[in-house]
Amino acid sequence: EFCAPEDTLSPVLQDIARKHSADFSGVLRSGGYVMIRGPFFEGRKYDKKFLASTGAKAVGMSVLPEACICALYEGVEVLGLAFITNDDSETHSHEANLEAAHIASFGLSQFLTGVIGSL
């Protein structure tokens, strides 16, 4: 029961998400995602520079393991979405991330409603 992360995401579901990107006032981007084990953020001094050098466009503690588990089941299509709250240089905290999510929650809700409505 193994799979490669790049084989987990459905191109059809990605296209649906792209079509609804105008519903969200944020920015919808595709790119390489790296998972680090939580519950801690990547370090600013070394981790962020190293991960960026691999071509990673986003780093998080989740999404990837869940997507890989779901993709193991026949007939299940997976769309991985991650809400990114900070860039690769700024200092951040759990509280700051929650605030960023709160500010974007209405637009994010509209985006997700559109994607789900298209399924």
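In short, a report on the structure. (Residues numbered from 1 in each chain as written. Predicted model: local features only at pLDDT ≥ 70, side-chain atom pairs only at ≥ 80, totals over all residues. Heavy atoms only, no water.)

The next point concerns unusual backbone geometry. Notably, Val63 is not glycine yet its phi reads approximately 75°, a positive angle. Looking at the secondary structure, you find Val63 in the loop between strand 2 (58–60) and helix 3 (64–71). (Helix = DSSP H or I, 4+ residues; strand = E, 2+ residues; numbered from the N terminus.)

Soluble globular proteins: nonpolar side chains tend toward being buried together. Leu13, Ile16, Ala17, Phe24, Ala104, Phe111 and Val115 form the largest nonpolar core, which has seven residues in total. Of all elements in the fold, only helix 1 (11–19) and helix 4 (94–117) reach the threshold of two or more residues within this core. (Core = buried A, V, L, I, M, F, W, Y, C linked by side-chain atoms within 4.5 Å. Buried < 20%, exposed > 50% of the residue type's maximum accessible area, 1.4 Å probe, protein only.)

The next subject is the environment of Ala71. Of note, Ala71 is situated in helix 3. What makes Ala71 partly exposed here is its relative accessible area of 27%. Along the primary structure Ala71 and Asp15 are separated by 56 residues, whereas in three dimensions their C-alpha atoms are 18 Å apart. Excluding its chain neighbours within four sequence positions, the residues that come into contact with Ala71 are Thr8 and Val78. (Contact = heavy atoms within 4.5 Å.)

This part takes up a nonpolar patch on the surface. Where nonpolar side chains cluster on the molecular surface, the patch consists of Leu28, Leu81, Leu112, Ile116 and Leu119 and spans about 450 Å² of accessible area. By the secondary structure assignment, Leu119 is in the segment after helix 4. (Patch = residues over 30% accessible without salt bridge, like charges linked within 9 Å, V, L, I, M, F, W, Y side chains within 5 Å. Areas by Shrake-Rupley, 256 points an atom, 1.4 Å probe, with all protein chains shown as cover. Salt bridge = Lys/Arg side-chain N within 4 Å of Asp/Glu carboxyl O.)

What follows covers the environment of Thr54. Locating Thr54 in the fold gives a position in the loop between helix 2 (47–53) and strand 2. Its relative accessible area of 47% is what places Thr54 among the partly exposed residues. With 22 residues separating them in the primary sequence, Thr54 and Gly32 have C-alpha atoms 9.2 Å apart. For Thr54, the side chain forms a polar contact with the main-chain oxygen of Leu51, separated by 2.6 Å. (Polar contact = N/O pair within 3.5 Å; in protein donor to acceptor, adjacent residues only side chain to side chain.)

The quantities given are spatial measurements derived from coordinates; they are silent on function.
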